Amino acid sequence: MINFNEPPYIGEEEFYISQAIKYKKISGDGYFTEKCRKWIIRNTKVKQALLTTSCTHALEMSALLINIKPGDEVIMPSFTFVSTANAFALRGATIVFVDIREDTLNMDEMLIEDAITDKTVAIVPVHYAGVGCEMDTIMKIAKKYNLYVIEDAAQAVMATYKGKPLGSIGNVGCFSFHETKNYSMGEGGALLIQDKKMIERAEIIREKGTNRSKFFRGEVDKYTWVDIGSSYLPSELNSAHLYAQLQNAEKINKDRLESWNLYNTLLKDLEQKGYIIRQSIPEHCIHNAHMYYIKLQNEEQRIELITYLKQQSIYAVFHYIPLHSAPAGYKYSRFNGNDKFTTKESARVLRLPMYYGLKKEDIIYVVEMITKFFIG
Ligand SMILES: *Cc1c(COP(=O)(O)O)cnc(C)c1O
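To keep things clear, this report deals only with the structure shown in the data block. This one's a predicted model, so the numbers in the text were calculated from it and none came from an experiment.

## Focus: the sheet that holds strand E12 (residues 292-295)
- A sheet is described by the order of its strands in space; here 3 strands give the open sequence E10-E12-E14, paired in antiparallel fashion. Either end of the sheet is taken by a strand with one partner, and the two such strands are strand E10 (277-278) and strand E14 (349-352).
- Sheet analysis places E10 next to E12, joined by 2 bridges and oriented antiparallel. Bridge pairing in E12 links Arg278 to Ile294.

## What about the pairing of strand E9 (residues 189-193)?
- Taken across its 5 residues, E9 has 5 buried, putting it largely inside the fold.
- With burial as the criterion, each face of E9 is covered, one bearing Gly189, Leu191 and Ile193 and the other bearing Ala190 and Leu192.
- Here 5 bridges tie strand E1 (residues 48-52) to E9, and the two strands are oriented antiparallel to one another. Within E9, the position partnered with Thr52 by the bridge is Gly189.
- Pairing of strand E8 (residues 172-176) with E9 involves 5 bridges; the strand directions are antiparallel. Note that in E9 the partner of Ser176 across the bridge is Gly189.

## Brief notes about the packing of aromatic side chains
- All chains considered together, the criterion is met by 19 aromatic pairs.
- Taken together, a centroid distance of 5.1 Å and an interplanar angle of 85° make the contact between Phe373 and Phe374 edge-to-face.
- Classification of Phe374 as buried rests on a relative accessible area of 14%.
- One aromatic cluster is present, formed by Phe15, Tyr16, Tyr23, Tyr31, Phe32 and Tyr243 through successive ring pairs.
- The ring centre of Phe318 lies 3.8 Å from the NZ or CZ of Arg302, which sits over that ring.

## Side note on a nonpolar patch on the surface
- A grouping of Phe215, Phe216 and Tyr223 is seen on the molecular surface, where their side chains present a nonpolar patch of about 310 Å² in accessible area.
- Tracing the backbone shows Phe215 in helix H8 (residues 212-216).
- Note on Phe215: relative accessible area 31%, which makes it partly exposed.

## Digging into the sheet that holds strand E7 (residues 164-165)
- Reading across the sheet, the 3 strands line up as E7-E6-E11 and stay open at both edges, with antiparallel pairing between neighbours. Looking at which strands have only one partner, the edges of the open sheet turn out to be E7 and strand E11 (285-286).
- Summarising the sheet, strand E6 (residues 160-161) and E7 pair through 2 bridges and their orientation is antiparallel. Paired with Tyr161 across the bridge in E7 is Lys164.

## Looking at the environment of Cys285
- Locating Cys285 in the fold gives a position in strand E11.
- Spatially, the C-alpha atom of Cys285 lies 8.8 Å from that of Cys133, the residues being 152 residues apart in sequence.
- In contact with Cys285, not counting residues within four places along its chain, are Val131, Gly132, Thr160 and Tyr161.

Conventions and cut-offs
- Starting afresh in each chain, residues are numbered from 1 along the sequence in its written order.
- At least 70 in pLDDT is required for a residue's local features to be given in this predicted model, at least 80 for side-chain atom pairs to be given and counted, and no such filter applies to totals for whole chains, interfaces and linings, which use all residues.
- Excluded from the side-chain calculations are hydrogens and water; all other atoms, namely the structure's heavy atoms, are used.
- Should DSSP find at least two bridges between two strands, the strands are taken to pair.
- Only DSSP runs of H or I covering at least 4 residues are called helices, and only runs of E covering at least 2 are called strands; the numbering of each starts at the N terminus.
- Exposure is judged per residue with a 1.4 Å probe applied to protein chains only, and the accessible area is read against the type maximum: over 50% gives exposed, under 20% gives buried, and values in between give partly exposed.
- Stacked, edge-to-face and tilted are the three classes for Phe, Tyr and Trp ring pairs, Trp counted by its six-membered ring, which pair at centre distances within 6.5 Å; planes under 30 degrees apart are stacked, over 60 edge-to-face, the rest tilted.
- In this scheme, Lys NZ or Arg CZ marks a charge over a ring once it lies within 6 Å of the ring centre and within 35 degrees of the ring normal.
- Two distance rules govern patches: like charges are joined within 9 Å, and nonpolar side chains (Val, Leu, Ile, Met, Phe, Trp, Tyr) within 5 Å, applied only to residues with over 30% relative accessible area and no salt bridge.
- Residue exposure ignores everything except the shown protein chains as possible cover, and the areas themselves are Shrake-Rupley values with a 1.4 Å probe.
- Any carboxyl oxygen of Asp or Glu within 4 Å of a side-chain nitrogen of Lys or Arg constitutes a salt bridge here.
- Any pair of residues with heavy atoms lying within 4.5 Å of one another is described as a contacting pair.

Function-wise, these values are silent; they only describe arrangement.
And the structure:
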């Protein structure tokens, strides 16, 4: 059987977790959370990085940080995970979707300006598959209209756009360390802050609306309720698990990229024969092999291929149902302009097995079976 995903595992996780227990510090912001924070800052050059209980929560913190209120509008792609939209809908915003690009499936930066109204507050680019959105154009538009940029970089740890780490380009960026992502703590994430003015308030929001972080640093002599907030800091047990993986980030990244490149080489023939379309990576983007997907003719063919692969014990999956056509989408969002690619392309995407430690012979077998499906 070839799973679609297996959580990354390095082998030092148990030892680090046992260390956290031995240090008698299993709640948040201890030794391992600090190690992870430093790793993120060192590798992304952001001004502050706060580990969170999920990327969903990092996105929610972003919405609180930029004071989203009912009636505000936030622009994003409809081809994304629910959390991208939910974080802002929770605070009463209307979600305004724009279409995606046919090549990267990222939001089409050329359609953003047309979606801006006097209610627009933020743009939320999602770096799908760890491939960067056109951030130069997006940042230029944000500056022109005085909008915030919140990067959903859930899939993009260790990936760059024109040399800049994804998640470090906008005002804030959000990472995910869910078990399906490249580096994991079970459930968890991080808020990356590039905008200096936001740092202190982010620490307060993460600590239940208190200035406890300042108290721990000895900057105030008691801590108290100073703002709204919630419990967004993860346990040391989870951070210890993550730290084992961040220490081995290069190794994990290299292994995933090798798998990605092998798929890409082996599937070239099927693309040349016109059966499939392979993933497209712009020159100036370095990706992190978060996923390997192919595009098929249509939804019917996708169902047939998934079923066929399952019979060979290979698990391939698809996602997302475009948010604007989901039940909550009718309530909380509108789609600006034409849906030229979002619905069509999302119905063609098939994600192949991809995880740290995936065996080369398994990749060869997957490609053999896909070839057999098309050619016999
Ligand atoms: C995984 C993912 C999230 C949510 O991450 P969690 O850590 O599970 O909350 C958000 N956005 C995108 C694009 C994702 O892929």
